[in-house]
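Coordinate inspection notes
This is what each chain is made of:
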Number of protein chains: 2
Amino acid sequence: MNDRRRILVCDDEPQILRALKVILRDAGFETVPATTAEEALDLAAVRPPDAAILDLVLPDGDGVEVCHEIRRWSRMPIIVLSAMGDEDAKVRALEAGADDYVTKPFGARELVARLQAALRRVQGADEEPTITADGLEIDLAARQVRRDGTDVHLTPIEFRLLETLARNRGRLMTHRVLLTEVWGPEYVDDITILRGHIANLRRKIEPVEGPRYVRTDPGVGYRFTA
Amino acid sequence: MNDRRRILVCDDEPQILRALKVILRDAGFETVPATTAEEALDLAAVRPPDAAILDLVLPDGDGVEVCHEIRRWSRMPIIVLSAMGDEDAKVRALEAGADDYVTKPFGARELVARLQAALRRVQGADEEPTITADGLEIDLAARQVRRDGTDVHLTPIEFRLLETLARNRGRLMTHRVLLTEVWGPEYVDDITILRGHIANLRRKIEPVEGPRYVRTDPGVGYRFTA
DNA sequence: CCGCATCTTGACGCGTCCTTGATGCCGAGC
DNA sequence: GCTCGGCATCAAGGACGCGTCAAGATGCGG
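A quick note: this is a predicted structure, and the numbers were derived from the prediction, not measured. (Residues numbered from 1 in each chain as written. Chains lettered and ligands numbered in written order. Predicted model: local features only at pLDDT ≥ 70, side-chain atom pairs only at ≥ 80, totals over all residues. Heavy atoms only, no water.)

Attention now moves to the interface of chain A and chain B. In this assembly, 20 residues from chain A lie in contact with 22 residues from chain B. Taking both sides of the interface into account, the surface hidden between chain A and chain B amounts to around 2,000 Å²; carbon and sulfur atoms contribute 51%. Taken as a group, R72, W73 and R75 of chain A account for 30% of the area that chain A buries against chain B, more than any other trio of residues on that side. Inspection of the region where chain A meets chain B yields two salt bridges. Taking the shortest distance from any N to any O, the salt bridge between R75 of chain A and E110 of chain B comes out at 3.1 Å. Our enumeration of links across chain A and chain B arrives at six residue pairs in polar contact (both at pLDDT 80 or more). Of all elements in the fold, only α2 (37-46) and α5 (108-123) of chain A reach the threshold of two or more residues within the side of chain A that touches chain B. With four residues, α2 of chain A is the single largest residue contributor to the side of chain A that touches chain B. (Contact = heavy atoms within 4.5 Å. Buried area = accessible area lost by both parts, 1.4 Å probe. Salt bridge = Lys/Arg side-chain N within 4 Å of Asp/Glu carboxyl O. Polar contact = N/O pair within 3.5 Å; in protein donor to acceptor, adjacent residues only side chain to side chain. Helix = DSSP H or I, 4+ residues; strand = E, 2+ residues; numbered from the N terminus.)

Under the defined criterion, the tally for this structure stands at 33 salt bridges over all chains. For R147 of chain A, the salt bridge is made with D148 of chain A, and the minimal N-O distance between the two is 3.6 Å. Take D148 of chain A: its relative accessible area is 58%, and that puts it in the exposed class. Here K204 of chain B ties to E158 of chain B by a salt bridge, and the two come within 2.8 Å at their closest N and O atoms. Here K204 of chain B is found in helix α8 (residues 191-205), whereas its partner E158 of chain B is found in helix α6 (residues 156-167), with 46 residues between them in sequence. Since its relative accessible area comes to 4%, E158 of chain B is described here as buried. Here the salt bridges share partners, and the residues they tie into one network are E69 and R72 of chain A together with D11, E13, D55 and K104 of chain B. (Buried < 20%, exposed > 50% of the residue type's maximum accessible area, 1.4 Å probe, protein only.)

Our focus in this paragraph is the nonpolar core. The biggest cluster of nonpolar side chains holds 47 residues, and the ones touching the most others in it are V66 and I78 of chain A together with I7, F106 and L115 of chain B. In terms of residue count, helix α1 (residues 14-26) of chain B provides more of this core than any other element does, six residues in total. Core analysis: the next-biggest nonpolar cluster, separate from the first, contains 27 residues, V152, L178, V182 and W183 of chain A among them. (Core = buried A, V, L, I, M, F, W, Y, C linked by side-chain atoms within 4.5 Å.)

Residue and element names in this part refer to chain A. Each assigned domain of chain A is listed here: domain 1 (6-123) and domain 2 (130-224). Computed from C-alpha atoms alone, the centre-to-centre distance between domain 1 and domain 2 is 27 Å. In terms of surface lost to domain 2, no three residues of domain 1 exceed L94, E95 and R121, which account for 53% of the buried area on that side. Taken together, domain 1 and domain 2 are joined by three salt bridges. On inspection of domain 1 and its partner domain 2, the count reaches five residue pairs in polar contact (both at pLDDT 80 or more). Within the residue set of the side of domain 1 that touches domain 2, elements represented by two or more residues are α4 (87-95), β7 (100-104) and α5. If one sorts the elements of the side of domain 1 that touches domain 2 by residue count, α4 sits on top with three residues. Class assignment of the residues belonging to the side of domain 1 that touches domain 2 gives a composition of four nonpolar, one polar and six charged. (Domains from an automatic or database assignment. Nonpolar A, V, L, I, M, F, W, Y, C, P; charged D, E, K, R; others polar.)

Attention shifts here to the protein's contact with DNA strand D. R195, R202 and G219 of chain A together with R195 and Y222 of chain B are the nearest of the 17 residues found near DNA strand D. In DNA strand D, the atoms that sit within 4 Å of the protein are 75% sugar and phosphate, with bases accounting for the remainder. Taking T216 of chain A, its side chain carries an N or O atom lying 2.7 Å from a phosphate oxygen of DNA strand D. Note that a phosphate oxygen of DNA strand D is positioned 2.8 Å from one of the side-chain N or O atoms of R202 of chain B. Broken down by element, the surface near DNA strand D gets its largest block of residues, four residues, from helix α8 (residues 191-205) of chain A. Considered class by class, the residues forming the surface near DNA strand D number six nonpolar, six polar and five charged. (Near = heavy atom within 4 Å.)

On to the protein's contact with DNA strand C, then. The full set close to DNA strand C counts 20 residues, and H153, T155 and I193 of chain A together with H153 and T155 of chain B are the nearest of them. For DNA strand C, the fraction of protein-proximal atoms (within 4 Å) that sit in sugar or phosphate groups is 86%. Looking at the surface near DNA strand C, its residues break down into 10 nonpolar, eight polar and two charged.

All right, on to the pairing of strand β13 (residues 214-217) of chain B then. Residue and element names in this part refer to chain B. As paired elements, β13 and strand β14 (residues 221-224) share four bridges and run antiparallel to each other. Directly across from V214, in β14, lies its bridge partner F224. Taken together, β13 and the strand that follows it, β14, pair antiparallel across an intervening segment of three residues, in which G219 is found at a positive phi of about 80°. (Pairing = 2+ DSSP bridges.)

Here it is in structure tokens:
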């Protein structure tokens, strides 16, 4: 019996595919290789892997599309590989539902670390009634937040902001995604308002010594870390 | 002999159908696949399954219609799959008799958990005779309320309001939920009337120094706290 | 037909929350 | 070392929701 995690890896360059295979095997993962977008989607549907690593540029399509397709039916962790400087495609992949990105050339340790972090996230993501991250309790059904046992009062917008971040804990949420999710599509570009409420939220739930739960990814967005 | 539960699954996209099949098989269910609304209704009629999972968008109709049709003759658990952001269709499906909804993309474990919860719910529903919260007694069967031992007279609407709040004690009940629950779906937006009766209810059961049982959540709704 | 209890509706004052722009800080690139 | 862009913070205004009250509508029983 083999209980190793299966990782779908899609990249059109054979040497990168081989390198990824070695890196993942050493980290205790099983690799399911694919070289085209179509092959990746087929493999994912026939027997869903535990996570996927997708190159953004593929012969028969875009890694963003693959990401989008998979997200129609699965929440499996997806990490995209982007060439350096390809900021735009990176952000589009994140908005299509990717969990994180790694820019090529990547270090083996960084990739594995991000993969494991993403896998850890999915463990308790089963739409639990209450999310707990050391010292912070978020009761989604009751719409109640406690820090170190004492209740914290959040305004409606602050709660929805924290809720969407916590529901996607570990995942990098772009500014645009957060804005459309909390305020609606017409606020897509209003980053100022997002910043303001992030500040208020932090003042209420973060310890004084610095941000612990809500991390900033400069130029891209925010993420909730446990 | 096969005693596995049979689940009718209706989705027009082959990839999603395949993924659902795998997920359900791993959870110990047998899948009855269908790709159109008509096919789903036929299969359900020929040999009723134990539950149904329906996509909201189908080639020859709406998942809401299928839901409505099935409900004409069966109380089997129905779970609908809705695309993210399609709040309206989701609500209509629930009003047509669906038990629960899962938004795509869904986690495998979440879907299975909700399916099992729905199956369990069909077994038996429980009733609570009387709810007590320090100094306040609510006898649901006798429709009687006492505060500190003395009877309090509530009008019919006031009682139903308190009843729904108390049955979901601790949980925040939105304006919309309270209005549909107490007054009916056509009062969904009439917040004024809700405010008025909340005020009257408070005058009768709350101590003079301020609200203790019925707390207000600005912009969202009310909740009953013990 | 009348009176009472209840429900509904609108207006008003008040408090909270949202929004916006200005300001200062920090890191990256030159 | 300097400039520039992105980020956090703060304060002020304006908008919105809430609770309250009173008057009118409705329904029921006497």
